[in-house]
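# Remarks on the overall topology
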Amino acid sequence: MAEKQVKSKQRVADHGEVFTAEREVNAMLDLVKQETERVDSRFLEPACGEGAFLVEILRRKLNAAKKRATLPKRKSPEAFAFEKQSVIAISGVYGIDLLMDNVLACRERLYRIWEQEYDAVCKNEATDECRQAVRFILNRNIVCGNALTMMCVDENQKDTKAPIAFSEWTFPFNDTRVQRKDYSFAELMTSASMEDEIKRTGQMDIFADENGEVEPLLLRQYIFDYRRMQDYGE
Ligand SMILES: C[S@@+](CC[C@H](N)C(=O)[O-])C[C@H]1O[C@@H](n2cnc3c(N)ncnc32)[C@H](O)[C@@H]1O
């Protein structure tokens, strides 16, 4: 079935909204294939629409998660190991869009792709707590905002007083605990070390400078069990 790349002429005129076709998305992602097939890589789509790039990235990351969660000489992934790897995979997918309907559609597409794999692999070991954790991560990672001013926007796409903030999710323990650190997007993008890294490598890690140090930009930090994520902050 042909993909719908334009919703209306008005939206094209008002917001330049034309979605990228799957074939082009995959061709572009293949230029950074290794990163797209790494469970813990991070991608930001700054005008994400309904997540054309993010959904393909997530598919690739989930395939990598399955491989990582499969023991040697076994054919299928271990349920618990896949659950954690799949949470790591989705926590590295970030997007911004000016239009709330696109943000909601993007979150939902990503959630459905994750849930389909989660249910297929984990079967009766799948939990609602993990499903809620993934919803929570997507609500924080896919943001309704203006990627140029770096501010959250209201229903009329006007800047609010809230700067866009992103969470860095890491899983430093051998269990279901996650560390969440929040940073202002504006500060992340304008830090001198970021400009250096882009010049040097053509890519950037939005959360780390060249020494792996991020503390000066930190807004908040939490450590908690991802299966109880909704108990901790927004
Ligand atoms: C050309 S579409 C691309 C969507 C998606 N990246 C894709 O490839 O299918 C541009 C998107 O950017 C959004 N947009 C326009 N101006 C923006 C801004 N200043 N900040 C964030 N999103 C913006 C529009 O709502 C639209 O969804």
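The structure reproduced in this document is the subject of the present report. Residue positions are given per chain, counted from 1 along the sequence in the order it is written. This being a predicted model, a pLDDT of at least 70 is required before a residue's local features are given, and a value of 80 or more before pairs of side-chain atoms are given or counted; all residues contribute to the totals for chains, interfaces and linings. The side-chain values count all of the structure's non-hydrogen atoms but skip hydrogen atoms and water molecules.

## So, the site of the ligand
Every one of the 21 residues lining the ligand counts as a neighbour, but T20, E45, A47, D97 and A147 are closest to it. In protein, a polar contact requires one atom able to donate a hydrogen and another able to accept it; more generally it is a pair of N or O atoms within 3.5 Å, and residues adjacent in sequence count only if both atoms are side-chain atoms. N146 is positioned such that a nitrogen or oxygen atom in its side chain is 3.0 Å from a nitrogen atom of the ligand. The separation between a nitrogen atom of the ligand and a polar main-chain atom of A147 is 2.9 Å. The method behind every accessible area is Shrake-Rupley, applied with a 1.4 Å probe, and residues are considered shielded solely by the protein chains displayed. Compared with its free state, where it exposes 600 Å², the ligand has 84% of that area covered by protein. If you map the ligand onto the pockets, it falls in the second largest pocket. Strands here are runs of E lasting at least two residues and helices are runs of H or I lasting at least four, both read from the DSSP assignment and numbered beginning at the N terminus. Sorting the residues of the shell around the ligand by element identifies helix 4 (52-68) and strand 3 (142-146) as the ones contributing at least two each. When residues are grouped by polarity, Ala, Val, Leu, Ile, Met, Phe, Trp, Tyr, Cys and Pro land in nonpolar, Asp, Glu, Lys and Arg in charged, and all others, Gly among them, in polar. The residue makeup of the shell around the ligand, split by class, is eleven nonpolar, seven polar and three charged. Near is defined per residue: the residue qualifies when any heavy atom it owns lies within 4 Å of the molecule or strand. Grid spacing is 1 Å over the protein atoms alone, the probe is 1.4 Å, and a cavity is where that probe fits but cannot get out, while a pocket is an open set with protein on both sides within 12 Å along at least five of seven lines and lining residues have an atom within 4 Å of a point. Throughout, a molecule is located in a cavity or pocket provided that more than half of its atoms lie within 2 Å of its grid points.

## Focus on the sheet that holds strand 7 (residues 177-184)
Spatially, the three strands line up as an open sheet ordered 6-7-8, and their pairing is antiparallel. Two strands lie at the open edges of the sheet, namely strand 6 (165-170) and strand 8 (218-225), each paired on one side alone. With direction set aside, neighbouring strand axes in the sheet form an average angle of 20 degrees. Only when DSSP finds a minimum of two bridges between them are two strands counted as paired. As paired strands, strand 7 and strand 8 are joined by seven bridges and run antiparallel to one another. Its bridge partner lying in strand 8, D182 is registered against R220. When checking whether two residues touch, look at their non-hydrogen atoms; a contact exists if any pair is within 4.5 Å. Structural elements are reduced to axes, namely lines fitted to C-alpha atoms, with helices fitted over the stretch in contact, and the angle between N-to-C directions of any two is expressed from 0 to 180 degrees. Strand contacts of helix 7 (residues 128-141): strand 6 and strand 7, with the helix running at about 140 degrees to strand 6, the strand carrying the most contacts.

## Things to note about the layout of surface pockets
Looking at the second largest pocket, its volume works out to about 310 Å³. Lining the second largest pocket we find 21 residues, and of these H15, A47, C48, G49 and D97 sit closest to its centre. Across the lining of the second largest pocket, the residue classes tally to eleven nonpolar, seven polar and three charged. Grid points are joined across faces, edges and corners, and a volume is the space filled by probe spheres set on the points.

## Quick notes on a nonpolar patch on the surface
Patches here: salt-bridge-free residues with over 30% relative accessible area, like charges joined within 9 Å, nonpolar side chains (Val, Leu, Ile, Met, Phe, Trp, Tyr) joined within 5 Å. Salt bridge, as used here: a side-chain nitrogen of Lys or Arg that lies within 4 Å of a carboxyl oxygen of Asp or Glu. A cluster of nonpolar side chains, V6, V12 and V18, forms an exposed patch at the surface whose accessible area comes to about 200 Å². Turning to its location among the elements, V12 is positioned in helix 1 (residues 9-15). Residue exposure (1.4 Å probe, protein chains only): buried if accessible area is under 20% of the type maximum, exposed if over 50%, otherwise partly exposed. On the basis of relative accessible area, V12 is assigned to the partly exposed category, the value being 30%.

## A few points about the packing of helix 4 against helix 5 (residues 79-91)
Where helix 4 contacts helix 5, the axes come no closer than 9 Å and their chain directions differ by 150 degrees. Overall, the two elements helix 4 and helix 5 adopt an arrangement that is roughly antiparallel. Here helix 4 runs over helix 5; the crossing is right-handed. Taking contact as the criterion, the partners of L58, K61, L62, A65, K66 and R68 in helix 4 are, on helix 5, F82, Q85, S86, A89 and I90. Each angle gets one of four labels, with under 35 degrees taken as roughly parallel, over 145 as roughly antiparallel, 65 to 115 as roughly perpendicular, and the rest as oblique. Crossings are sorted by hand: turned counterclockwise from the far helix by less than a right angle, the near helix makes the crossing left-handed, and turned clockwise it makes it right-handed.

Function cannot be inferred from these measures alone, as they are strictly geometric.
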